[in-house]
Protein chains: 2
Amino acid sequence: MPNPRLFSLKSDSIPRATIQRLALYVQVLEDLQREGADVISSESLAKACDVNPSQIRKDLAYFGKFGVRGVGYYIQDLIASLKRCLGIDHTWKTVLVGVGNLGRALLNHKEFKLRGFEVIGAFDCDPFKIGEEVSGLEVMCTKRLMEKSHELGVEIGIITTPPERAQRAANHLVEAGIKGILNFAPARITVPEHVVLEYVDFFHHLYSVAFNITLSQQK
Amino acid sequence: MPNPRLFSLKSDSIPRATIQRLALYVQVLEDLQREGADVISSESLAKACDVNPSQIRKDLAYFGKFGVRGVGYYIQDLIASLKRCLGIDHTWKTVLVGVGNLGRALLNHKEFKLRGFEVIGAFDCDPFKIGEEVSGLEVMCTKRLMEKSHELGVEIGIITTPPERAQRAANHLVEAGIKGILNFAPARITVPEHVVLEYVDFFHHLYSVAFNITLSQQK
DNA sequence: GATTGTGAAGTGTTTCACAGCA
DNA sequence: TGCTGTGAAACACTTCACAATC
């Protein structure tokens, strides 16, 4: 269901970093809401997110005007607006390919639904895993991806295979008409231009930690 | 063991993005090496990493001169140099706090050692988990972190607790004299300035996928 | 002849500073 | 008065273009 554009996109090229920060704002705002807060200024939110207040106002300005001058932002409204901007005002149907350690951990992750994603299919090419039930889902053969995806109306695919099988998984997902892929496998993959592709590799972050420790020790 | 500076840092402020890309270069170079390649030009490597060739040369220039004009880069040497630059020419001793689904998946992850990190301790505050063996490690009470960390010489801590317990885990790690933290919990945490802190939140990447799909559908 | 290393130009992002408004 | 929204300035990162050199 492509929702109508409910926000006014001021610019057609939004910094990638802005999107990542919007996700952070939502997370922090939801925490604040749980603590009973009602209204917040860009300055307070900035402090909680460890960014510059102007940064927040600029990020929001890409999508519209959500605040009240002299007052701040109504938290509940802002959360709703941001979710609409990010496209998570509805639940995205998702499948996972590669039921290894990481795949299992993700399937058992309770927060998916809470955050606007629902994993409705688990696939693997290992005959020993097919038929097994993981977190209420029956693991199916990767070859059935196309058939099942169409049946279920899947939009996003998550790859958690070993690196050498990531490209094949991607091919199956593309064939199945998926619109976007999140790849956890430490391997570059190629997809047609119309398919959105993102990588997650936590080792890169570990490297970053290691590097910064080394750096601080050399000072 | 702080290693002596074996590379010449040309600038004291290296873009964060550069570090992330160096990690990517190592990954891709190791793949190429396995395929039998020996020498590579910045242009070919750029194609494999999906970045601009000048970008690669600039990234490397922060650390020194690793190539041969008219020839390219010797892959084996370049991998070694990059690892030294990133600080992963030795193995980092690591502990993990929070043995839930994600924690378990990470503990079972085979690639840690391969990539220069060794998880030598697993901690949790749940009495039911304490004593349990996960991937060859006995889960210990978080309160014993300090004692054990000093004993083992731990440098990096990984937090995989639920968000509400992330700050407490961080406090324990800081107390234990840890130098860097990688936080998987979806919660902002505060640490002293001398402690390196990085966040991993794959939901932010999922949001990014969702947003880009929404965007491409609105065009 | 090929490819690196690098100053300079170009592009994109962040921060500042203040006008505009509740 | 207080805080947002935003043009302009500052800064950071990327790409270009070419001299250096193997």
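As the structure is a prediction and not an experimental result, all values here were calculated from the model.

Cut-offs used in this document
- Residues numbered from 1 in each chain as written.
- Chains lettered and ligands numbered in written order.
- Predicted model: local features only at pLDDT ≥ 70, side-chain atom pairs only at ≥ 80, totals over all residues.
- Heavy atoms only, no water.
- Pairing = 2+ DSSP bridges.
- Helix = DSSP H or I, 4+ residues; strand = E, 2+ residues; numbered from the N terminus.
- Phe/Tyr/Trp six-rings, centres within 6.5 Å; stacked < 30°, edge-to-face > 60°.
- UniProt positions renumbered as here; feature names shortened; annotations may be inferred.
- Contact = heavy atoms within 4.5 Å.
- Buried < 20%, exposed > 50% of the residue type's maximum accessible area, 1.4 Å probe, protein only.
- Least-squares fit on C-alpha atoms with pLDDT ≥ 70 in both.
- Near = heavy atom within 4 Å.
- Polar contact = N/O pair within 3.5 Å; in protein donor to acceptor, adjacent residues only side chain to side chain.
- Nonpolar A, V, L, I, M, F, W, Y, C, P; charged D, E, K, R; others polar.
- Salt bridge = Lys/Arg side-chain N within 4 Å of Asp/Glu carboxyl O.

(A) Region of interest: the pairing of strand β6 (residues 137–141) of chain A. All names here are of chain A. As judged from the three bridges shared by strand β4 (residues 117–124) and β6, these two strands associate in the parallel manner. Counterpart to Ala 122 in the pairing with β6 is Val 139. Bridging between strand β5 (residues 133–134) and β6 involves two bridges; their strand directions are antiparallel. Paired with Glu 133 across the strands is Glu 138, a residue of β6. As consecutive antiparallel partners, β5 and β6 are separated by two residues, and within that stretch Ser 135 has a phi angle of approximately 50°, a positive value.

(B) Spatial organisation of the packing of aromatic side chains. For the structure on display, the rule yields 14 aromatic pairs over all chains. An angle of 75° between the planes, with centres 6.1 Å apart, marks the rings of Phe63(A) and Phe211(B) as edge-to-face. Linking Phe63(A) in the loop between α3 (53–61) and β2 (73–74) with Phe211(B) in helix α9 (residues 202–218), this pair reaches from one chain into another. By way of ring pairs, the aromatic residues Phe112(A), Phe117(A), Phe184(A), Phe202(B), Phe203(B) and Tyr207(B) are connected into one cluster.

(C) Just the sheet that holds strand β6 (residues 137–141) of chain B, in detail. Taken together, the seven strands give an open sheet; going across it, the order is β5-β6-β4-β3-β7-β8-β9 (chain B), and neighbouring strands pair in mixed fashion. Unpaired on one side and paired on the other, β5 (133–134) and β9 (196–199) of chain B mark the two borders of the sheet.

(D) Representation of the UniProt feature "binding site: NAD(+)" (unreviewed entry) in chain A. Under the feature "binding site: NAD(+)" (unreviewed entry), the UniProt entry names Gly98(A), Val99(A), Gly100(A), Asn101(A), Leu102(A) and Gly103(A). Residue placement: Val99(A) occurs in the loop between β3 (92–97) and α5 (101–107). Residues contacting Val99(A), with those up to four places away along its chain left out, are Arg104(A), Leu107(A), Ala122(A), Phe123(A), Asp124(A), Lys129(A), Val134(A) and Val139(A). Taking the relative accessible area as the measure of exposure, Leu102(A) reaches 16% and is therefore buried. Dropping the residues within four chain positions of it, Leu102(A) is found in contact with Thr160(A), Phe184(A), Leu102(B) and Ala105(B).

(E) Broad picture of the relation of the copies chain A and chain B. You can overlay chain A on chain B at an RMSD of 0.0 Å; the transform is a turn of 180° with a shift of 0.0 Å along its axis. Read as a symmetry element, the transformation amounts to a two-fold axis. When each C-alpha of chain A is compared by its distance to the rotation axis, Ala105(A) comes out closest, at 3.0 Å. Both copies share a contact surface, since 98% of the interface residues of chain A are interface residues in chain B too.

(F) Summary view of the protein's contact with DNA strand C. By nearness alone, 23 residues border DNA strand C, and Arg21(A), Ser42(B), Arg57(B), Lys58(B) and Tyr73(B) come closest of all. For DNA strand C, the backbone portion of the atoms within 4 Å of the protein, that is sugar and phosphate, comes to 63%. Taking Lys58(A), its side chain carries an N or O atom lying 3.1 Å from a base oxygen of DNA strand C. Note that a phosphate oxygen of DNA strand C is positioned 2.5 Å from one of the backbone N or O atoms of Ser42(B). Of all the secondary structure elements, the ones that give two or more residues to the surface near DNA strand C are α1 (16–34) and α3 of chain A together with α3 (53–61) of chain B. A per-element tally of the surface near DNA strand C places α3(A) first, with four residues. In the surface near DNA strand C, the residues fall into seven nonpolar, eight polar and eight charged.

(G) Seen up close, the sheet that holds strand β8 (residues 180–183) of chain A. Taking strand neighbours across the sheet as the criterion, the seven strands line up as β5-β6-β4-β3-β7-β8-β9 (chain A) in an open arrangement whose pairing is mixed. Since the sheet does not close on itself, it has two edges, and those belong to β5 and β9 (196–199) of chain A, each with one partner.

(H) Structural view of the interface of chain A and chain B. Counting residues at the interface gives 64 residues for chain A, matched by 63 residues for chain B. The tally of links between chain A and chain B comes to two salt bridges. With a shortest N-O distance of 3.4 Å, Arg115(A) and Asp201(B) are connected by a salt bridge. The interface formed by chain A and chain B includes 15 residue pairs in polar contact (both at pLDDT 80 or more). Going through the elements one at a time, α1, α2 (42–49), α4 (75–86), α5, α6 (111–114), β8, β9 and α9 (202–218) of chain A are the ones with two or more residues in the side of chain A that touches chain B. For the side of chain A that touches chain B, the leading source of residues is α9(A), giving 16 residues. Considered class by class, the residues forming the side of chain A that touches chain B number 39 nonpolar, 15 polar and 10 charged.

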